[in-house]
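# Understanding the architecture of this molecule
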Amino acid sequence: MILSQEEVNHIALLARLGLSNEEVERFREQLSNILENFAILQEVDTTDVPPTAQPIPLQNILRQDDVDSSLPCEEVMANAPRREGNYFRVKSVLGKS
Amino acid sequence: MDYETIIGLEIHSQLLTRSKMFCRCAADYTSASPNTHVCPICLGMPGVLPTINRKAIEYVIMTALALNCSIPEFTKFDRKNYPYPDLMKGYQISQYDFPIGVRGHVTLEMGDAKTISVTRREIRITRVHLEEDVAKLVHRDIPWGDSYSLVDVNRSGVPLMEIVTEPDMRSPEEARQLLIKLQSILRYLGVSTCNMEEGSFRCDANISIRPIGAKEGFAKAEVKNMNSFKAVFLALEYEAIRQRKVVEQGGHLIQETRGWLEEGTTVSQRSKEYAHDYRYFPEPDLPPLTINPSWVEEIRSQLPELPEIRQERLVEQYGLSFYDASILTSSKPLADYFESCMKLWQGDDQERKAKILSNWLLGDFAHLLNENNIEIDESRVTPSHLIELLKLIEEGAVSGPAAKKIIEDIFHTGKRAGDIVVQQGLTQITDASDIEVTVKQVIGNHPQAVSDFILGKQQALTFLVGQIMRMTKGRVNPKLANEVMRRELEKLC
């Protein structure tokens with residue numbers, strides 16, 4: 001299964017990555033390899049296996065609605081590339097996809 | 001050609017849990033400074049693990065039951081992927097193919113004040129599911145420089161319930177009524193504050209038009225950015241007309257997202273849109289849920305009396321009209337107020353008393369509350385204040401016009417009606433001999449009106465009686481004032 005250039009560009013757009021033509025080719029090959037490997041799994045006969053959302057045999061793990069203290073603001077901001085007061089500052093975004 | 005309007009709604013409401021959906025940060029951020037209700041989980045730090053808030057699940061089950069939904073035994077969370085700065089993880093934890101509630105319905109009661117009648121319309125509910133709210137962006141535009149956005153993560157992770165309806169509404173008014181109904185139900189349940197202006201209750205609408213009788217309609221528009229009931233109504237009115245115009249002028253409608261602007265129009269947002277490609281997949285960090293029927297039944301048994309049932313009971317128990325009962329029960333605090341009053345005003349003639357009370361609650365008292373923008377349960381006029389006043393009227397101690405002044409006084413000062421009557425000398429004058437002096441004075445002061453009456457102008461009598469009411473601060477029984485005035489005037493004829 002070989003991905004097209006358009007498909008690679010679409011995936012890059014969804015991840016907000018800008019790729020050079022060279023990178024598009026390189027990822028096209030690498031992503032195609034990954035897909036081929038997963039395609040092997042498709043060969044397994046799963047007719048009697050119900051769709052599984054979670055491989056871990058757990059369910060109904062719930063917590064009580066209790067409040068705990070939050071992080072101090074300085075720690076919240078510690079990794080922020082840009083801040084303004086106690087806000088994170090990011091590039092202008094108008095209109096939502 | 002005639003078209004009908006087809007509307008479906010998606011309603012998001014924040015749930016009133018103490019903590020957030022997947023972490024223990026406080027969910028109420030209304031008065032919090034930016035980024036103070038935040039932890040590694042709602043910040044979307046790598047390696048953290050979300051945990052499910054049981055209360056949020058219960059609130060959604062409760063709501064789904066109140067909306068007559070089925071609760072499938074299996075439910076799970078999924079990741080909805082999209083890149084946007086309000087989404088800390090790059091995905092929102094939501095529910096895709098196994099929502100908590102499915103296939104319900106809500107009955108709309110479209111009241112008509114003119115005919116005092118109620119028409120019923122059933123709107124199907126597609127699903128009710130649970131997700132997390134996103135961070136809040138503040139846009140900054142510097143005229144001489146950069147424009148940028150500021151991110152406040154406090155809202156990120158607050159439990160958000162989404163209710164999706166089938167496209168069953170046929171007018172903007174029905175859409176507005178549905179929102180009012182849902183707000184009322186969610187408030188009865190106590191699961192959300194449902195305040196549109198503050199953003200705890202939000203609505204997106206899908207709207208299209210269809211030639212009457214046809215199966216297929218034209219492409220629908222998704223309208224966003226409506227932050228009041230009025231905005232929803234106006235935006236849909238605008239859209240319904242715009243779509244008709246496009247078609248009538250031979251244009252072509254496309255499926256698109258449109259934003260409502262305060263100026264009163266909707267604009268296409270498609271230029272900024274990327275193709276929807278959310279790549280949903282099961283949330284690997286959260287185990288699925290089995291909702292046992294016994295859990296559902298336990299929650300069902302705790303459901304409060306909902307507006308429709310209460311309405312029927314009020315009609316049955318107090319002999320109210322469906323119309324009055326439907327308005328009284330549209331707000332839980334109002335219905336609670338009504339019933340607290342009735343408990344304080346027992347004895348014979350419950351139906352007559354209920355009618356008098358309901359007239360006050362929907363008339364003069366409602367007017368006072370609206371004018372001052374105060375909720376009934378925050379008013380200084382408590383049920384015991386109001387009933388004291390109504391008893392004074394019943395006993396004939398206070399006239400109707402004086403009572404209107406007294407309730408205003410109670411409203412502003414919280415004094416008891418009995419005290420106000422004594423302090424301001426508002427006891428009703430019921431003895432004809434007590435007002436004869438006033439009547440004679442009025443006749444003396446207004447010779448023109450008197451001669452008008454003698455010449456046959458009946459309106460002059462209304463004017464003169466009005467003068468009596470004025471001079472006595474409304475203390476006289478209007479019927480009595482009328483009688484004595486007429487008698488005195490006729491002596492002059």
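This is a predicted model, so every value here is computed, not measured.

### What about the overall build of chain A?
When its secondary structure is counted, chain A shows 3 helices and 3 strands. What you see in chain A, going N to C, is helices and strands ordered as α-α-β-α-β-β. Its C-alpha atoms give chain A a radius of gyration of 22 Å, more than 25% over the compact-globule value 13 Å for 97 residues. For chain A, the C-alpha atoms occupy an extent of roughly 55 × 45 × 25 Å along the three principal directions. Within the span of chain A, comprising 97 residues, buried residues form 16% of the whole. Excluding contacts between residues fewer than 6 apart, the proportion of contacts in chain A whose partners are at least 24 apart in sequence is 33%. Per element, the accessible surface of chain A, about 7400 Å² overall, is 55% carbon and sulfur.

### Re unusual backbone geometry
All names here are of chain A. In the Ramachandran plot, Arg16 falls in the positive-phi region, its phi being about 55° despite a non-glycine side chain. One can find Arg16 in the loop between α1 (5-14) and α2 (21-42). Take Arg16: its relative accessible area is 37%, and that puts it in the partly exposed class.

### Remarks on the pairing of strand β6 (residues 101-112) of chain B
Residue and element names in this part refer to chain B. Both β6 and strand β7 (residues 117-132) contribute to a ladder of 11 bridges, which runs antiparallel. Among the inter-strand pairings, Gly104 is bridged to a residue of β7, identified as Ile125. Here β6 folds back onto β7 in antiparallel fashion, the turn holding 4 residues, of which Ile116 has a positive phi close to 50°.

### Some details on the layout of surface pockets
Residues and elements named next belong to chain B. As a volume, the second largest pocket reaches approximately 1600 Å³. Around the second largest pocket sit 38 residues that line it, and Ile180, Gln183, Ile327, Ser330 and Ser331 are the ones nearest its centre. Only β6, α3 (172-189), α6 (307-318), α7 (322-330), α8 (332-344), α9 (350-362) and α10 (364-372) provide two or more residues apiece to the lining of the second largest pocket. At 7 residues, the largest contribution of residues to the lining of the second largest pocket is made by α3. For the lining of the second largest pocket, the class distribution of residues is 17 nonpolar, 13 polar and 8 charged. When residues of the lining of the second largest pocket are assigned to domains, at least three fall in each of domain 1 (3-299) and domain 2 (307-415).

### Thoughts on the interface of chain A and chain B
Between chain A and chain B, the residue contacts involve 36 residues of the former and 60 residues of the latter. For the chain A and chain B pair, buried surface summed over both sides reaches about 4400 Å², with 58% attributable to carbon and sulfur atoms. Among the residues chain A hides against chain B, the three largest losses belong to Arg63, Asp65 and Tyr87 of chain A. Together they make up 18% of the total. Scanning the region where chain A abuts chain B turns up 2 salt bridges. Between Glu84 of chain A and Arg140 of chain B there is a salt bridge, with the nearest N and O atoms lying 3.6 Å from each other. Taken together, chain A and chain B are joined by 24 residue pairs in polar contact (both at pLDDT 80 or more). Those elements giving two or more residues to the side of chain A that touches chain B turn out to be α1, β1 (62-63), α3 (73-77) and β3 (87-91) of chain A. Top contributing element to the side of chain A that touches chain B by residue count: β3 of chain A, with 5 residues.

### So, the domain arrangement of chain B
Residue and element names in this part refer to chain B. What the domain assignment lists for chain B is domain 1 (3-299), domain 2 (307-415) and domain 3 (432-492). For domain 2 and domain 3, the distance between their C-alpha centroids amounts to 33 Å. The interface is formed by 4 residues belonging to domain 2 together with 7 residues belonging to domain 3. For the pair domain 2 and domain 3, the summed buried area comes to about 290 Å², and 62% of that belongs to carbon and sulfur atoms. In this assembly, domain 2 and domain 3 are joined by 0 salt bridges. On the surface where domain 2 and domain 3 come into contact, there are 0 residue pairs in polar contact (both at pLDDT 80 or more). Looking at the side of domain 2 that touches domain 3 residue by residue, the class counts come to 2 nonpolar, 1 polar and 1 charged.

### Describing empty space enclosed by the protein
The full count for this structure, using the stated rule, is 2 cavities of 30 Å³ or more. Volume-wise, the second largest cavity comes out at about 50 Å³. Grouping the constituent residues of the lining of the second largest cavity by class yields 5 nonpolar, 2 polar and 4 charged.

### Details of the nonpolar core
All names here are of chain B. Counting 65 residues, the largest nonpolar core has Leu9, Ile57 and Phe77 as the members making the most contacts within it. In terms of residue count, helix α2 (residues 54-66) provides more of this core than any other element does, 9 residues in total. In this structure, Val315, Ala325, Leu368 and Phe411 belong to the second largest nonpolar core, which totals 37 residues.

### What about the packing of α7 of chain B against α9 of chain B?
Residues and elements named next belong to chain B. Following both chains from N to C, one finds α7 and α9 inclined at 55°, their axes separated by 11 Å at the closest point. Relative to α9, α7 is oriented oblique. Along this stretch, α7 crosses α9, giving a crossing that reads as left-handed. Where α7 approaches α9, its residues Asp324, Ile327 and Leu328 are matched on the opposing element by Lys355, Ser358, Leu361 and Leu362.

### Remarks on helix α11 (residues 383-394) of chain B
All names here are of chain B. Along its 12 residues, α11 runs 16 Å from first to last C-alpha, staying within 8% of the 16 Å computed at 1.5 Å per residue. Turning to α11, its buried residues are Pro383, His385, Leu386, Ile387, Leu389, Leu390 and Leu392. Of the surrounding secondary structure, the elements contacted by the buried residues of α11 are α8, α9, α10, α12 (400-413) and α13 (417-423). Positive phi appears at Gly396, one or two residues downstream of α11, with a value of about 85°.

### Brief notes about the side chain of Glu239 of chain B
Residues and elements named next belong to chain B. With respect to the element layout, Glu239 can be found in helix α4 (residues 229-248). Looking at Glu239, the relative accessible area reads 0%, which means it is buried. Only 2.7 Å separates the side chain of Glu239 from the side chain of Arg242, close enough to count as a polar contact. Among residues more than four places away in sequence, those in contact with Glu239 are Ile207, Ala221, Val223, Arg258 and Thr266.

### Observations regarding the pattern of salt bridges
All names here are of chain B. Inspection of the entire model under this criterion finds 42 salt bridges over all chains. With a shortest N-O distance of 2.9 Å, Lys76 and Asp97 are connected by a salt bridge. Linking Lys76 in the loop between β3 (74-75) and β4 (78-81) with Asp97 in the loop between β5 (91-94) and β6, this pair joins segments that are 21 residues apart in sequence. Given a relative accessible area of 6%, Lys76 falls into the buried group. Glu174 serves as the salt-bridge partner of Arg121, at 2.8 Å between the closest nitrogen and oxygen. In this pair, Arg121 sits in strand β7 while Glu174 sits in helix α3, placing the two residues 53 residues apart along the sequence. Assessed through its relative accessible area of 26%, Arg121 is described here as partly exposed. A cluster of three or more residues bridged by salt bridges with shared partners is formed by Glu305, Arg310, Arg313, Lys332, Asp336 and Glu339.

Reading the values: the criteria
- Residues numbered from 1 in each chain as written.
- Chains lettered and ligands numbered in written order.
- Predicted model: local features only at pLDDT ≥ 70, side-chain atom pairs only at ≥ 80, totals over all residues.
- Heavy atoms only, no water.
- Helix = DSSP H or I, 4+ residues; strand = E, 2+ residues; numbered from the N terminus.
- Rg over C-alpha atoms; globule rule 2.2 N^0.38 Å.
- Buried < 20%, exposed > 50% of the residue type's maximum accessible area, 1.4 Å probe, protein only.
- Contact = heavy atoms within 4.5 Å.
- Areas by Shrake-Rupley, 256 points an atom, 1.4 Å probe, with all protein chains shown as cover.
- Pairing = 2+ DSSP bridges.
- 1 Å grid on protein atoms, 1.4 Å probe; cavity = no way out; pocket = protein on both sides within 12 Å on 5 of 7 lines; lining within 4 Å.
- Points joined across faces, edges and corners; volume = space filled by probe spheres on them.
- Nonpolar A, V, L, I, M, F, W, Y, C, P; charged D, E, K, R; others polar.
- Domains from an automatic or database assignment.
- Buried area = accessible area lost by both parts, 1.4 Å probe.
- Salt bridge = Lys/Arg side-chain N within 4 Å of Asp/Glu carboxyl O.
- Polar contact = N/O pair within 3.5 Å; in protein donor to acceptor, adjacent residues only side chain to side chain.
- Core = buried A, V, L, I, M, F, W, Y, C linked by side-chain atoms within 4.5 Å.
- Axes fitted to C-alpha atoms, helices over the stretch in contact; angles between N-to-C directions.
- Parallel < 35°, antiparallel > 145°, perpendicular 65-115°, else oblique.
- Left-handed = near helix turned anticlockwise from the far one by under 90°.
- Expected span 1.5 Å × (residues − 1).

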